[in-house]
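Here are the chains, one letter per residue:
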Amino acid sequence: MLSLSSDKIQKPEIEKFYHRLENSADLDPLLEKIGDAKYVLLGEASHGTHEYYTWRAQISKRLIKEKGFSFIAVEGDWPDCYKINKWIKSYKNSGENIQEVLKEFNRWPTWMWANWEIAAFATWLKDFNLKRKQEEKIGFYGLDVYSLWESMNSIVNYLQQEDPETAELAKDALNCFEPFKAKDSYASVFSTSKGDCKNEVVQLLKQVREKAHSYDGAEEAGLNAELNALVMANAEKYYKAMAGFGDDSWNVRDRHMVETLNRLMDHHPDGAKVIIWEHNTHIGDARATDMAASGLVNVGQLVREQHSKEGVVLVGFGSYSGSVMAGRNWGAPMQKMKVPEAIPNSLEYRLHKSGAENKLMIFDEDQELNDAFSEKIKHRAIGVVYHPERERGNYVPSRISARYDAFIHIDKTTALHPLKLQPQNELTPETYPFGI
């Protein structure tokens, strides 16, 4: 039973703390809130909404230009996102144009990163980087753990050129997984295999870390090799947990994303600052939702716990109605779907009723505002699979002012504009449905 029964978040004395949001200049209060924080986490209530991507891009541009942020880390696979990183930094053989680069994103859901919104932002990043020294260029990296086969192939191919001795360890790890590759059936790998690949992968990761500083055949080569090995190590744990159909896989995945984030911060000079793009379900503090009762953690909670002294700001997003890009089931063709008006007494419904304009809230600006959003209320979350007719199942009870430091409400949203790619079906892990 949700405890927020009154309409107190609609009262005029609360509404006076809402900041109208129409253009980039209206983000001033958010940048003031961010101050000198080193970690800014920007959410989204779906993986297929145009405005979430473009507003995150506007925030990111201002943070990069005005506050010296160093790189962007996203809820995407390391190998694919590293291709964007190479292109925006103008590394050798990084592709002629961003469309060519994004065509490499062939794992479903392709629209999540292969879209025109990302193409525009990546182009801005590349142009921005052209004016900077190589060591000062803004990076773009993936934090996720899904890319098991791609990371294996990448590290074997690279090490054969740079470090033949360690390449033998990589081949051993690859051979451990190879019998199952044809099915691309991760759950089958770990539910039927008598042994496991842990020893091979851990030994590989250890040796790559020890030698990473000597890999100078290409820009950021050591980092790329190490983090592909880290994906292999944690993918083994992730899919093993997934095979048991329990909740452990969620925690393995989010802990991996934070481990990758921490390694990226270590890779950058002292004083580095990071912008993180992920779904609200990952960046909103899990302790302010029902996730905590199930023993689940997430990126927002872990970053707050580990880095609060360095400054952490969590920004959630939501909308009242509109359209979204999603699939009807796993691996299904992407399609533009209607997002119904938010259900009564949800966060999005109440913000709409207070005025059908876009708005920004910063919860510590006033205690009354913070208190008004401190009780549980339904908060919409849309995944890559979406059924608008089952709308009531898409809400997460949340204490909003504890889950986020700030919240951006876009009253009416529109679907992303994907590059017209067809996902390769064999690259759609059967386990993908269990994560947003």
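Residues numbered from 1 in each chain as written. Predicted model: local features only at pLDDT ≥ 70, side-chain atom pairs only at ≥ 80, totals over all residues. Heavy atoms only, no water.

A. How the structure looks around the overall build of the protein. Summing up its helical and strand segments, the protein has 17 helices and eleven strands in all. Taken over 436 residues, the protein has a buried fraction of 61%. Accessible surface, the protein: about 17,600 Å² in total, of which carbon and sulfur atoms supply 46%. (Helix = DSSP H or I, 4+ residues; strand = E, 2+ residues; numbered from the N terminus. Buried < 20%, exposed > 50% of the residue type's maximum accessible area, 1.4 Å probe, protein only. Areas by Shrake-Rupley, 256 points an atom, 1.4 Å probe, with all protein chains shown as cover.)

B. Quick look at unusual backbone geometry. The phi dihedral of serine 90 falls on the positive side, at around 60°, and the residue is not glycine. Position of serine 90 among the secondary structure elements: in the loop between α4 (78-88) and α5 (98-102). The partly exposed category is assigned to serine 90, whose relative accessible area is 37%. Of note, asparagine 93 is a non-glycine position whose phi angle comes to about 55°, a positive value. Along the chain, asparagine 93 turns up in the loop between α4 and α5.

C. Quick look at the pairing of strand β8 (residues 359-362). Burial along β8 is two-sided: the residues Lys359 and Met361 and Leu360 and Ile362 are all buried. Here strand β1 (residues 19-20) pairs with β8 via two bridges, running antiparallel. Bridging across to β8, arginine 20 finds its partner in lysine 359. By the bridge criterion, four bridges tie β8 to strand β11 (residues 406-413) in an arrangement that is antiparallel. From the neighbouring strand, isoleucine 362 faces β11, where its bridge partner is alanine 406. (Pairing = 2+ DSSP bridges.)

D. Focus on the confidence of the model for the protein. Of the residues in the protein, 77% reach a pLDDT of 70 or more, and the chain-wide mean stands at 84. The low-confidence segment residues 1-6 (pLDDT under 50) makes 13 contacts with residues lying over four places distant or belonging to another chain. Note that residues 182-194 has pLDDT below 50 and, in this model, 31 contacts with residues that lie over four places away or in other chains. (pLDDT = per-residue confidence, 0-100. Contact = heavy atoms within 4.5 Å.)

E. Representation of α4 within the structure. A large share of α4 lies buried, amounting to nine of its eleven residues. For α4, the full list of buried residues reads Trp78, Pro79, Asp80, Cys81, Tyr82, Ile84, Asn85, Trp87 and Ile88. Of the residues one or two after α4, serine 90 is the one with positive phi, at around 60°.

F. Structural context of helix α6 (residues 116-129). Compared with the 20 Å implied by 1.5 Å per residue over 14 residues, the 20 Å span of α6 between its first and last C-alpha is a close match. Counting buried positions along α6 gives ten out of 14 residues, so the element sits mostly inside the fold. Every buried residue belonging to α6 is among Glu117, Ile118, Ala119, Phe121, Ala122, Trp124, Leu125, Lys126, Phe128 and Asn129, and all of these are buried. If you follow the buried residues of α6, they end up packed against α3 (50-67), β3 (71-77), α4, α5, β4 (139-144) and β5 (274-277). Structurally, the start of α6 carries an N-cap: the backbone nitrogen of glutamate 117 is 3.2 Å from a side-chain oxygen of asparagine 115. (Expected span 1.5 Å × (residues − 1). Polar contact = N/O pair within 3.5 Å; in protein donor to acceptor, adjacent residues only side chain to side chain.)

G. Quick peek at the packing of α4 against α6. The interhelical angle for the contact between α4 and α6, taken along N-to-C directions, is 40°, at an axis separation of 8 Å. One finds that α4 runs oblique with respect to α6. Here Ile84, Trp87 and Ile88 of α4 lie close against α6, whose contacting residues are Ile118, Ala122, Thr123, Leu125, Lys126 and Asn129. (Axes fitted to C-alpha atoms, helices over the stretch in contact; angles between N-to-C directions. Parallel < 35°, antiparallel > 145°, perpendicular 65-115°, else oblique.)

H. Layout of the packing of α3 against α6. Their axes nearest at 10 Å, the elements α3 and α6 cross at an angle of 10°. On the basis of their axis angle, the class for α3 and α6 is roughly parallel. In this structure, α3 uses His50, Tyr53, Thr54, Ala57, Ser60, Lys61, Ile64 and Lys65 to contact α6, whose residues at the interface are Glu117, Ile118, Phe121, Trp124, Leu125 and Phe128. Within the contact of α3 with α6, the residues separate by chemical class into eight nonpolar, three polar and three charged. (Nonpolar A, V, L, I, M, F, W, Y, C, P; charged D, E, K, R; others polar.)

I. Quick look at the packing of aromatic side chains. A complete count under the given rule lists 13 aromatic pairs for this structure. Judged by centre distance (6.3 Å) and plane angle (85°), the ring pair of tryptophan 113 and phenylalanine 140 falls under edge-to-face. Of this pair, tryptophan 113 sits in the loop between α5 and α6 while phenylalanine 140 sits in strand β4, and the two are 27 residues apart along the sequence. Under the relative-accessibility criterion, tryptophan 113 is labelled buried at 6%. The buried category is assigned to phenylalanine 140, whose relative accessible area is 2%. With a centroid separation of 5.3 Å and 50° between ring planes, the pair formed by phenylalanine 363 and phenylalanine 373 is classed as tilted. Of this pair, phenylalanine 363 sits in the loop between β8 and α16 (367-372) while phenylalanine 373 sits in the loop between α16 and β9 (376-380), and the two are ten residues apart along the sequence. For phenylalanine 363, a relative accessible area of 1% gives the class buried. Judged by its relative accessible area of 3%, phenylalanine 373 is buried. Among the aromatic residues, those joined into a ring-pair cluster are Tyr53, Trp113, Phe121, Trp124, Phe128, Phe140 and Trp277. (Phe/Tyr/Trp six-rings, centres within 6.5 Å; stacked < 30°, edge-to-face > 60°.)

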